[in-house]
Amino acid sequence: MNTVIKVESLQRVYRSYKKEPGFVGSLKGLVKRQYLNVEALKGISFNIQEGEFVGYIGPNGAGKTTTLKILSGLLYPTAGTVEVLGFTPWRRSNDFRRQIAFTMGQKEQLWWDLPAMESFLLNKEIYSIPQRAFNDQLAYLTELLAVKDLLDIPVRNLSLGERMKLELIASLLHRPRLLFLDEPTIGLDVVSQKKMRDFLKEYNRREKTTIIFTSHYLKDIEELCPRVIIINAGSLLFDGGLDELTRKYSPHKVLKLTFTDGIPAGIERYGEVIGQDELTVTLHVNEEGVAHCARELLGNFSIEDISIVEVPLEDTIRKIFLTQE
Amino acid sequence: MFRKYLKVASVVYQEGTQYRLQYVASFLCVIFPLLAVVFLWRTVFQDIQMIEGFTESMMITYYILVALLTDLVSPGIMMYITEDIREGTLSKYLLRPISRRWYHFSEEIGISLGYSLVALIVILGFIFLFAVDFYFPANLLYIPLFLVSVGLSMVLGTGLTYLFSLSAFWLEEDTGLDYVLEYLVPILTGALIPLALLPEFVYQVASFLPFKYLLYFPIEIFLERITLSEIGYGLFTQILWIGVIYLLGAWVWRRGCRRYTARGG
Amino acid sequence: MRYLKLWVFFLKNCLLREMEFRGNFVIEIGGNLLRLGITILFFQVIFLHTPTIGGWDIHITLLLVAVNQLINNLYNAFFRANIYQISEYVREGTLDFILVKPIDPQFFTTLRYVSFSALFSLVFPLLIIFYLATAGKITFSLPIFSLFLLLLLCGVAIRYAIGVAVMTLSFWVTEAYALHGLYSEFFSLSGYPAVIFRGGWQFFFTFIIPIIVVANFPVMAVTQVLSPAAVLFAVGLSALLLLITRKFFHFALRNYCSASS
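Residues numbered from 1 in each chain as written. Chains lettered and ligands numbered in written order. Predicted model: local features only at pLDDT ≥ 70, side-chain atom pairs only at ≥ 80, totals over all residues. Heavy atoms only, no water.

**Quick look at the interface of chain B and chain C**
Point 1. Taken together, the 37 residues of chain B in the interface contact 35 residues of chain C.
Point 2. Taken together, both faces of the contact between chain B and chain C bury some 3200 Å²; the carbon and sulfur share is 78%.
Point 3. By the criterion of area lost to chain C, the three top residues of chain B are Phe32(B), Leu40(B) and Tyr183(B), representing 20% of everything that side buries.
Point 4. For the pair chain B and chain C, the number of links is two residue pairs in polar contact (both at pLDDT 80 or more).
Point 5. Those elements that provide at least two residues to the side of chain B that touches chain C are helix 2 (20-44) and helix 8 (177-189) of chain B.
Point 6. At 17 residues, the largest contribution of residues to the side of chain B that touches chain C is made by helix 2 of chain B.
Point 7. For the side of chain B that touches chain C, the residue count by class is 27 nonpolar, five polar and five charged. (Contact = heavy atoms within 4.5 Å. Buried area = accessible area lost by both parts, 1.4 Å probe. Polar contact = N/O pair within 3.5 Å; in protein donor to acceptor, adjacent residues only side chain to side chain. Helix = DSSP H or I, 4+ residues; strand = E, 2+ residues; numbered from the N terminus. Nonpolar A, V, L, I, M, F, W, Y, C, P; charged D, E, K, R; others polar.)

Take a look at the structure:
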């Protein structure tokens, strides 16, 4: 398989300066500036193969958007090497830009006062998409996202969910090999989120487009991204499969038990007690021991209800961030 | 009672000074047109001694006073009420224990005074820098009369602004009224060119309208172009116009509010 | 070629939008007409009382008013809205969308929107020029006319270049729109006869802030003999300003890409 993104010890430092308040402060600033260096990326490395769907997660200010901007050529790195589709992104050659797309959940590119179709036609011109290819791709995308009727309505009259779908279409018309999605589901209701996910999954499967995806909704990541890269405070914390993540950081299951007549003493023997009330107790039990443990509990006590589930991804990730601090 | 209106005025003034670059730019915006107009008249007066009783020095003084007074008396800032009415935010004022009209009056004064103060300094600098032959009235009695008239102009100007902005109750969209006012008012106030220079017929029309009393009349006093009895008559007319405009304003406001609440805004 | 096609698309696109807001279209045109009317009135009244302004008679002055309005309208039609929006692109970060597209960013940011009301308003100054020519108040020979057109284009180019340069400052200053207001105010002086500026001011307004070059030069090409040096200067200056502006815009983009977050 092709490697589409190669990032090696990528560093990015923002240089800002302190300004004292007031007019005198501004004058002082002109003469002698006190610089503040903020390290947004502290030397991260990773490779991404063609067709991968990668979830890129981290808390606010972790350096997610900075990375995406460098990879798409919007920002210069301070140090390190980056190669995307064989190009150096910040040279912004037309051949490079023709093969990528960047969609942001918080910023919209469609022209507000006109129907989305006009913006699509504009992109057709900008990317010099041949008529046939344009028609085919548009038909395919509108079909898949079920937005055929929305193309001729001025964008300002559409809901956020509808607009986001059209934004995605605008980004995909030129069939980019690489798609950057910066929080595309932000602010969407549950139904729209679900539709967006289904679409992305299907599109990635059919077109083999490489997608890098950031989101605060871990449900998105869980459902879409076989591989996750976790970043915090400019450093890479984890890079690997989602299952591997769980195995590494949460090698246990959650066991929830409801007893008929009160919680027996010595329950901590079976695992770490996470929470309990009158009749119910929640335990973390090692993955290997879970079957044995359950059998034993069912044999020894009178149990009304038992459930065994994975540790929620959210908890795992929170744990990663906490252990780092 | 009066204090809260004073408070409104000072808040608005401070907000104005926050955008310093814009502030500076807006004064340069006063200076450059003035500069061009001064140069233009200087060139015209090369071949001619006097136009309709104006000497070169009087003409240049005329335009300097226009630049100085325009912000004070300008019925140009009418967006606030218009916006409130169109966007339905008027309701919040209707609920407050401060009369909407007085609220805006103090707001206008705050803006105007702030700008005019700095405009005054800039223009004084301008007079010295370009060695302008500034016409100063020989009879010092004309100065207090001029000031009284300017004070009345401010009241009149605010009333007119207010009246025009109330048109938003009836005109729901931009109808170009702003444009018409923006371009017609400077003719009628004499800001574009002294009314005396206009063709007789236009001059007659302008004399029957209140706009003349915003700029042209006070400046005529300063330039000693009219007699004391004419000034007395003019001040009387100015007060009369103020009365008419404010009564009209109150009436239109009541009609407008009824319409506004009837629409359920 | 590809860019021409794109620009034609912009044109169509904007026409569609303008049809959405037909009321505004009429109002804008009315406003333009009023503005032109007021300027003519102003000079007409002055000429009621004097035969010339420093040697310029009413017809030459009218030509100047028309030419100035023509240049204004061309600037407003093709550039003004775009240039004004540069600060918004920077502030709201929508510039990112432009930068990831395979297109020249200066082309896209400064030519994206076309105002059809301003375009339509070109009719009024053109009518004045047509009247002056047919009534025999001014005479055009073919070479003079081409020179006139050339200098007119230079005027538009100068306005474009300085306008873009001023708004490019919004990469550093948040209040660049105030500077744009100042810029407009400066260039509103271009509608006055050059003879009113004397001595140092003539130098200032020719070489430092070239407002005399913008509208007065084309008029002088028609009414008197404009020296070849002056023509060369106008052409050279436009080319130089366009170049500097382009460099400056790209410098600003580089800065944006190394400083923004």
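**As for the environment of Gln137(A)**
All names here are of chain A.
Point 1. Mapped onto the elements, Gln137 comes out in helix 5 (residues 131-145).
Point 2. Gln137 sits in the buried class, given a relative accessible area of 2%.
Point 3. Between the alpha carbons of Gln137 and Ile169 there is a distance of 9.0 Å; along the sequence they are 32 residues apart.
Point 4. Contacts of Gln137, omitting those with residues within four sequence positions, involve Leu172, Leu173, Arg175 and Tyr203.
Point 5. A distance of 3.3 Å separates a polar atom in the side chain of Gln137 from a polar atom in the side chain of Arg175. (Buried < 20%, exposed > 50% of the residue type's maximum accessible area, 1.4 Å probe, protein only.)

**Some remarks on the interface of chain A and chain C**
Point 1. The partner chain C presents 33 residues to the 29 residues of chain A that form the contact.
Point 2. For the pair chain A and chain C, the summed buried surface comes to about 3000 Å²; carbon and sulfur atoms form 61% of the total.
Point 3. The shortest N-O distance in the salt bridge between Asp113(A) and Arg17(C) comes to 2.4 Å.
Point 4. Linking chain A with chain C are 10 residue pairs in polar contact (both at pLDDT 80 or more).
Point 5. Of all the secondary-structure elements, those providing two or more residues to the side of chain A that touches chain C are strand 1 (3-18), helix 2 (64-72), helix 3 (94-97), strand 5 (100-104) and helix 4 (116-126) of chain A. (Salt bridge = Lys/Arg side-chain N within 4 Å of Asp/Glu carboxyl O.)

**Re the sheet that holds strand 9 (residues 235-241) of chain A**
Residue and element names in this part refer to chain A.
Point 1. Taken in spatial order, the six strands of this open sheet run 5-6-7-3-8-9, and their pairing is mixed. Each end of this open sheet is capped by a strand with a single partner; those strands are strand 5 and strand 9. Sheet twist, expressed as the average angle between the axes of neighbouring strands with direction ignored, equals 15 degrees.
Point 2. One ladder, built from three bridges, connects strand 3 (residues 53-57) with strand 7 (residues 210-214); its direction is parallel. Bridge pairing links Val54 to Ile212 in strand 7.
Point 3. Packed onto the sheet, helix 2 meets strand 3, strand 5, strand 6 (178-182), strand 7 and strand 8 (227-232) and runs at close to 155 degrees relative to strand 6. (Pairing = 2+ DSSP bridges. Axes fitted to C-alpha atoms, helices over the stretch in contact; angles between N-to-C directions.)

**Things to note about the packing of aromatic side chains**
Point 1. This structure, assessed with the given rule, holds 48 aromatic pairs over all chains.
Point 2. Seen in terms of ring centroids, Phe164(B) and Phe211(B) are 6.4 Å apart; in terms of plane orientation they differ by 15 degrees. Their pairing is stacked. With Phe164(B) in helix 7 (residues 142-165) and Phe211(B) in the loop between helix 9 (200-207) and helix 10 (216-222), this residue pair connects regions lying 47 residues apart in the sequence.
Point 3. Sitting above the plane of the Tyr84(C) ring, Arg80(C) keeps its charged end 5.7 Å from the centroid.
Point 4. Here the guanidinium or amino end of Arg159(C) rests over the ring plane of Tyr75(C), the centre of that ring lying 4.3 Å away. (Phe/Tyr/Trp six-rings, centres within 6.5 Å; stacked < 30°, edge-to-face > 60°. Lys NZ or Arg CZ within 6 Å of the ring centre and 35° of its normal.)

**Brief notes about the packing of helix 5 of chain A against helix 6 (residues 160-172) of chain A**
Relative placement of two packed helices is described by the angle separating their axes and the distance separating the axes.
All names here are of chain A.
Point 1. Where helix 5 contacts helix 6, the axes come no closer than 10 Å and their chain directions differ by 155 degrees. Considering the angle they form, helix 5 stands roughly antiparallel to helix 6. Classified by chirality, the crossing of helix 6 by helix 5 is right-handed. When helix 5 is examined against helix 6, the residues Gln137, Leu138, Leu141, Thr142 and Leu145 are found in contact with a partner set consisting of Lys165, Ile169 and Leu172. (Parallel < 35°, antiparallel > 145°, perpendicular 65-115°, else oblique. Left-handed = near helix turned anticlockwise from the far one by under 90°.)

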